[in-house]
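# Geometric and topological summary
Here is how the chains run, residue by residue.
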Amino acid sequence: MSQKKTPGRPGARAGRSPANPNSTAPTAAVPADNPPTKRPGSSRATGALPKGYPGKGSKERPWDSSCAQLESNSHSSPTDTGSKSNASQRGGSDRKIGTSRAAAGKRASTSRTAGDTSRNGTGTSRAAGDTSRNGTGTSRAAGGTSRNGTGTSRAAGDTSRNGTGTRRAAGDTKRDTGDRRTSTSRAAGESSSAKDRNLNKMLKNVVENLRIRSAEKSRAARLVNDVVDYLLRYIKKDSGRCFQAIKKLPSGSYYENVKISKPNEFDIMITIPVKRIKIMEVDSEGAFYQVAFKRIPGANPLNQFVSDGMLSAEQMICHLRKLIKAAAKTLPEYHIKVERKKPGSPAVTLQIGEEEEHAPISLDIVLALEVHSQSWPSSTTDGLKIEEWLGKKVRKDFRIKPFYLVPKQPLDATQGTQSQSHKEMWRISFSHIEKKMLLNHGSLKTCCENGSPKCCRKSCLKLLKNLIQKLKEKNPRILASVCSYHAKTTLLHACVKRPKDEMWSFEDLDICFRQLLNNFIEHLVTANLPHFFIPTYNLFNPRLFDSKSRDALLRLIQSERSKDFPIFSQPN
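## A closer look at the overall build of the protein chain
A tally of helices and strands in the protein chain yields eleven helices and eleven strands. Relative to its 572 residues, the protein chain shows a buried fraction of 43%. At a minimum sequence separation of 6, the contacts of the protein chain that also span at least 24 residues come to 65%. With an accessible surface of roughly 30700 Å², the protein chain has 50% of that area assigned to carbon and sulfur atoms.

Right under this line is the structure:
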């Protein structure tokens, strides 16, 4: 706290406290209108700061009144020529040695109050803890100064200059050591900060390189749309009315704007509306169901796929596959190849290779039953916890939308097979809701819009998907069970844990990605990744994702994280 100058003392020294009004010994001051008195034989003015006087910020302890009293009571002071010369200039009749002259008097030998310091230190004796400048054994009477410092004594605790120098040297050594430690610590901090900045810059470059170029995107999307539209027209015409009401529902990473690297994979759902059905949960996890019609009229086009009262997923997907194969043969210019059915997969996968200069495009066509007539299954009640993220109203709006059932059957990961009963099963799907959440992912509606702050939710998902993809390319057999859906589910859970947009600032991409990766690692360690809509359905259940694959993935990810992800520097 700054101190104000005492009114009426224009010559008061800055930083010195005003005299205590209750003190009997007024503080001596050099009037501003009188020139400073010079000590005989000295070039320093009497009012000047003494050499070695502790300046601003000094850690030396200032004198107090007890030191001044000790000095006055513990020394005798013979006067010399200098003291006589100075005494002749003193105003008033008070010439008693050891007293402070009146404020109006002129001082020469300068007796000082508590905290006063001699200008040059010669001939001075100081109170306990004070230090003699030259160690010549000077003693000082109150108001008198010894010119040569001979025959003097010191107060108890006085310290010679050499001793002080030793202590000062020791202090300097400590200071140097402290400086080196501080410098080392600062260097470590700066190194860590620079490392973080480099990682952040690297990850941003990776995200930029994963971005699909507009020209490639337009060409691929046009090609896929042409093929799908043709296939739908063919299926509606030649399906014997069973698929006459099908519609196209784009889904998957491309339409969620989280596709990475190249537009070479697309997912299209072909939906069929169904009414007056009942669904029966067939597992304790709440993901798989059997479907039956409440009433099966003879005119129902799907009646041909009913077996033992249940709508057969296996029969429907096989019939769709035959129709797609037939339609693909009528499009020779697109070089379409229908791949073999993968166990447990709900899709008919096509490879489209229109031009030799472009890589083939993989297209998954997924058959889905669109269920309007009833609410979501009870297994979803505790899922979709987006109230703090997207809002209660959004959750309510989502839950009144239809849900979908796809012909995906449970697969035993240890055996790679499925039982006959599984072939009649359907799995519930919310891919249309997932797409809406990722397209409108901000807790504020303005998130990532033009002129608004940009978040890094999708960028973090792209990085995690890219990491998994690169690890799978290096370890295709052991990591066959891991897929991008694991990464997307992890992100959705992370958005619930960190719902606010400012928690996903793009400027903090490295921090946010590490947090997301830590979430994924935690799911691996605990072998528990709950489905976002069906909390009882564990995507990392050992039946679906065996422990050897999970342990291998965990080990590989931790290794990449510890080295700041060198795998990202490898070409895609």
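Continuing now.
## Brief notes about the side chain of serine 379
Relative to the elements of secondary structure, serine 379 occurs in the loop between strand S9 (361-371) and helix H6 (392-399). Among the polar contacts listed, one links the side chain of serine 379 to the backbone oxygen of glycine 286, at a separation of 2.9 Å. Looking at serine 379, its side chain comes within polar contact range of the side chain of tyrosine 289, at 3.0 Å. Dropping the residues within four chain positions of it, serine 379 is found in contact with Glu281, Gly286, Tyr289, Phe533, Ile534 and Pro535.

## Considering the environment of asparagine 200
Following the sequence through the fold, asparagine 200 ends up in helix H3 (residues 161-210). You can call asparagine 200 buried: its relative accessible area is 12%. The spacing of asparagine 200 and glutamate 507 is 307 residues in sequence and 8.1 Å in space, taken between C-alpha atoms. In this structure, asparagine 200 is in contact with Glu507, Asp508, Leu509 and Asp510, ignoring residues within four places of it in sequence. Within polar-contact distance, the side chain of asparagine 200 engages the backbone nitrogen of aspartate 510 at 3.2 Å.

## Here's the deal with unusual backbone geometry
Phi is positive for aspartate 308, close to 55°, though the residue is something other than glycine. With respect to the helices, strands and loops of the structure, aspartate 308 is situated in the loop between strand S5 (306-307) and strand S6 (310-311). Look at leucine 384: it is not a glycine, yet its phi comes out positive at around 55°. Positionally, leucine 384 belongs in the loop between S9 and H6. Residue classification places leucine 384 among the buried residues on the basis of a relative accessible area of 1%.

## Looking at the confidence of the model for the protein chain
Mean pLDDT for the protein chain: 73, with 63% of residues reaching 70 or above. Below pLDDT 50 for its whole length, residues 1-188 participates in 199 contacts with residues either more than four positions away or in separate chains. Across residues 413-418 the pLDDT falls below 50, and counting only partners more than four positions away or on other chains, this stretch makes eleven contacts in the model.

## Quick look at the packing of aromatic side chains
Tallied over the entire structure, the rule returns twelve aromatic pairs. On the numbers, 4.5 Å between centres and 10° between planes, the contact of phenylalanine 430 with phenylalanine 533 is stacked. Taken together, the residues phenylalanine 430 in the loop between strand S11 (426-429) and helix H7 (431-439) and phenylalanine 533 in the loop between helix H10 (509-526) and helix H11 (547-562) connect sequence positions 103 residues apart. Of the two residues, phenylalanine 430 and phenylalanine 533, both sit in the buried class. With a centroid separation of 6.1 Å and an interplanar angle of 70°, the aromatic rings of phenylalanine 520 and phenylalanine 540 are classed as edge-to-face.

## Structural notes on the pattern of salt bridges
When the charged atoms of two side chains with opposite charge come close together, those side chains can pair. In the structure shown here, the tally under the stated rule is ten salt bridges. Where glutamate 434 meets lysine 488, a salt bridge forms, and the shortest distance between an N and an O atom there is 2.9 Å. Taken together, the residues span a long stretch of sequence, with glutamate 434 in helix H7 and lysine 488 in helix H9 (residues 484-497) at a distance of 54 residues. Where arginine 457 meets aspartate 501, a salt bridge forms, and the shortest distance between an N and an O atom there is 3.0 Å. Of this pair, arginine 457 sits in helix H8 (residues 457-474) while aspartate 501 sits in the loop between H9 and H10, and the two are 44 residues apart along the sequence. Summarising the burial analysis for this pair, arginine 457 and aspartate 501 share the class buried.

## Here's the deal with H11
At 3.6 residues per turn, the α-helix brings residues three or four places apart onto the same side. A rise of 1.5 Å per residue sets the reference length of H11, with its 16 residues, at 22 Å; its end C-alpha atoms lie 22 Å apart and thus fit the reference within 8%. Every buried residue of H11 is listed here: Ser549, Arg550, Ala552, Leu553, Leu554, Ile557 and Glu560. Looking at the buried positions of H11, the neighbouring elements they touch are H8 and H10. One side-chain oxygen at the N-terminal end of H11 lies 3.2 Å from the backbone nitrogen of lysine 548; it belongs to aspartate 546. In the segment just after H11, aspartate 564 is the residue with positive phi, at about 60°.

## Side note on the pairing of strand S4 (residues 288-293)
With respect to burial, S4 is a largely interior element, six of its six residues being buried. Of the two faces of S4, the one carrying Phe288, Gln290 and Ala292 and the one carrying Tyr289, Val291 and Phe293 are both buried. Sheet analysis places strand S3 (residues 277-281) next to S4, joined by five bridges and oriented antiparallel. The partner of isoleucine 277 across the bridge, within S4, is phenylalanine 293. Relative to S11, S4 runs antiparallel, the two sharing two bridges. Opposite tyrosine 289, over in S11, you have tryptophan 426 as the bridge partner.

## Some thoughts on the environment of leucine 331
Inspection of the secondary structure assignment puts leucine 331 in the loop between helix H5 (313-328) and strand S7 (336-338). The residues touching leucine 331, leaving out its near neighbours within four places in the chain, are Tyr230 and Ile336.

## Describing H5
A rise of 1.5 Å per residue sets the reference length of H5, with its 16 residues, at 22 Å; its end C-alpha atoms lie 22 Å apart and thus fit the reference within 8%. Residues of H5 that are buried: Ala313, Glu314, Met316, Ile317, Leu320, Arg321, Leu323, Ile324, Ala327 and Ala328.

## A short note on the nonpolar core
Soluble globular proteins tend to bury their nonpolar side chains together. Phe243, Met316, Leu405 and Met437 are the most contacted members of the largest nonpolar core, which has 114 residues in total. Considering every element that reaches this core, the biggest residue donor is helix H4 (residues 214-238), with nine residues. What methionine 316 contacts, discounting residues up to four positions off in sequence, is Phe243, Ile272, Leu302, Phe305, Leu311, Leu367, Leu369 and Trp426. Counting seven residues, the second-largest nonpolar core is a separate cluster that includes Leu249, Ala347, Val366 and Tyr404.

## Details of a positive patch on the surface
Together, Arg276, Lys278, Lys294 and Arg295 line one region of the surface with positive charge. Topologically, lysine 294 is positioned in the loop between S4 and S5. Look at lysine 294 and you get exposed, because its relative accessible area is 57%.

## Some words on the packing of H9 against H10
For any two helices packed against each other, the geometry is given by the interaxial angle and the distance between the axes. Put simply, H9 and H10 touch, their axes get as near as 10 Å, and they point 115° apart. For the element pair H9 / H10, the angle class is roughly perpendicular. Crossing angle aside, the handedness with which H9 passes H10 is right-handed. Counting all contacts with H9, which are made through His486, Thr490, Leu491, Ala494 and Lys497, the residues of H10 involved are Leu516, Asn519, Phe520, Glu522 and His523.

How each quantity is defined
- Residues numbered from 1 in each chain as written.
- Predicted model: local features only at pLDDT ≥ 70, side-chain atom pairs only at ≥ 80, totals over all residues.
- Heavy atoms only, no water.
- Helix = DSSP H or I, 4+ residues; strand = E, 2+ residues; numbered from the N terminus.
- Buried < 20%, exposed > 50% of the residue type's maximum accessible area, 1.4 Å probe, protein only.
- Contact = heavy atoms within 4.5 Å.
- Areas by Shrake-Rupley, 256 points an atom, 1.4 Å probe, with all protein chains shown as cover.
- Polar contact = N/O pair within 3.5 Å; in protein donor to acceptor, adjacent residues only side chain to side chain.
- pLDDT = per-residue confidence, 0-100.
- Phe/Tyr/Trp six-rings, centres within 6.5 Å; stacked < 30°, edge-to-face > 60°.
- Salt bridge = Lys/Arg side-chain N within 4 Å of Asp/Glu carboxyl O.
- Expected span 1.5 Å × (residues − 1).
- Pairing = 2+ DSSP bridges.
- Core = buried A, V, L, I, M, F, W, Y, C linked by side-chain atoms within 4.5 Å.
- Patch = residues over 30% accessible without salt bridge, like charges linked within 9 Å, V, L, I, M, F, W, Y side chains within 5 Å.
- Lys, Arg positive; Asp, Glu negative; His and termini not counted.
- Charge placed at Lys NZ, Arg CZ, Asp CG, Glu CD.
- Axes fitted to C-alpha atoms, helices over the stretch in contact; angles between N-to-C directions.
- Parallel < 35°, antiparallel > 145°, perpendicular 65-115°, else oblique.
- Left-handed = near helix turned anticlockwise from the far one by under 90°.

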